[in-house]
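Listed here are the chains, written in short residue letters.
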Amino acid sequence: MKAVHYHGPRNLELLDIPKPKAAPGQVVVKIAYCGICGTDVHAYSMQGIFNWELVLGHEAVGYVEEVGEGVTCVKVGDRVAVGPPGDCGACYSCNTGNPNTCTNGFPNTLGIGPNTQGAYAEYVLSHYPQNELFKIPEGVTFEQAVLFDVLGVGFHAVRRSDMRVGDNIVVSGCGSIGFSVIQVAKLAGPNNLIVFDPLESKRKIAKELGADYAFDPANAYDVVKAKEILAQANGAQVCFEAAGHPSSIDTCINLCMPSGQIMLIGNDGRPYQLVTAALGHHQYDLKFSFTYTKEEITMLFNLIKSGKLDTAAYSLLKAPLDDAINKLEELATGKLEVARVLLMPNGNI
Ligand SMILES: [Zn+2]
Ligand SMILES: [Zn+2]
């Protein structure tokens, strides 16, 4: 079968590798779509993301093709999502309600961990189907379900934050993750939902998704206007950083109310200088959010099914697996601007 093997930045290869076979306890999934995640684009273009060999692809959907002896959680033909962060179910994080920070499972996650075989391939082998496969409910399409990674990150961040109904909220960065944060924060009942992005096109979509105000962070007049809206409490209760850019962290700090919370979602490799005197005087609460949990995937599918989460705002571009490397290059060089490229390793299935 065909698979896109990662050797290092700008060093990928479309290879023919053996089709996996399900041993007892394992499941083979035939891939319908695999999304090209921002993490894949970073790994393609930058050193230091994946320092190991692997087949990329950690956000995929498909049909159960083969079920190993003893597997009861899925059956042949089931529609499933594959590849949420793996967890071992046994470590301290797993046992204390934080499986997304499992130290054993994440390195084993398909398409992320060293030498794993992800879903830039016709088939994937799930070693831990109980932890890695999620049945897609009827009424949720493959095109919607494949957004679980994009939606999950924003969903988890809002649930992990201290946001309460009636709060003023800032979201800095209107990429795919920012769109998810905007939608989920809107469901949680904010007073003013103020978003920032340098691109007019993104600000327009943000407003369609429920933002009350969409501003340009580089426009001083816009920042003043946001401060005026937030003047009563001297800032927003929670500011979500979803751009992964140092200047976006500054926007959050600038607009957070004293004793408010800054939720950092966009993990970025660049150093950021924290001036503790400036932050400490305002008693800010800095918090990080990382991926999402299995329970949250189920919740997301329910919200998509009931129409409470909108997936139409995410622009999708379908492409054959043979085109994966070209698409990574186009995404890395900014020639392509879509929420997700969906690779179709088995054509239209
Ligand atoms: Zn991803
Ligand atoms: Zn664990």
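Nothing here was measured: the structure is a model prediction, and the numbers come from that model. (Residues numbered from 1 in each chain as written. Chains lettered and ligands numbered in written order. Predicted model: local features only at pLDDT ≥ 70, side-chain atom pairs only at ≥ 80, totals over all residues. Heavy atoms only, no water.)

Trainee: Summarise the pattern of salt bridges; cite the residues concerned and give the values.
Mentor: Applying the stated criterion to the full structure yields 15 salt bridges. Among the salt bridges present, the one from R159 reaches E296, with a minimum N-O distance of 3.0 Å. Linking R159 in helix α5 (residues 148-160) with E296 in helix α11 (residues 294-305), this pair joins segments that are 137 residues apart in sequence. Classification of R159 by relative accessible area gives partly exposed; the value is 42%. A residue is classified by how much of its surface remains accessible, and E296, at 4% relative accessible area, is buried. When the shortest N-O distance is used, the salt bridge between K327 and D323 registers 2.9 Å. Of the two residues, K327 and D323, neither departs from the other in class, the shared state being buried. Among the ionic contacts, a cluster of salt bridges with common partners joins K75, D78 and K135. (Salt bridge = Lys/Arg side-chain N within 4 Å of Asp/Glu carboxyl O. Helix = DSSP H or I, 4+ residues; strand = E, 2+ residues; numbered from the N terminus. Buried < 20%, exposed > 50% of the residue type's maximum accessible area, 1.4 Å probe, protein only.)

Trainee: Mind laying out the domain arrangement of the protein, listing which residues take part and the relevant values?
Mentor: As far as domains go, the protein holds domain 1 (2-147 + 311-344) and domain 2 (152-288). Of note, the centres of domain 1 and domain 2, computed from C-alpha atoms alone, are 29 Å apart. Across the contact, six residues belong to domain 1 and eight residues belong to domain 2. Taken together, the two surfaces of domain 1 and domain 2 that pack against each other cover about 590 Å², and 45% of this comes from carbon and sulfur. When the buried area of domain 1 at its contact with domain 2 is split by residue, A313, Y314 and E337 rank highest and sum to 64% of it. Applying the counting rule to domain 1 against domain 2 returns one salt bridge. Residue K202 pairs with E337 through a salt bridge whose shortest N-O separation is 3.6 Å. (Domains from an automatic or database assignment. Contact = heavy atoms within 4.5 Å. Buried area = accessible area lost by both parts, 1.4 Å probe.)

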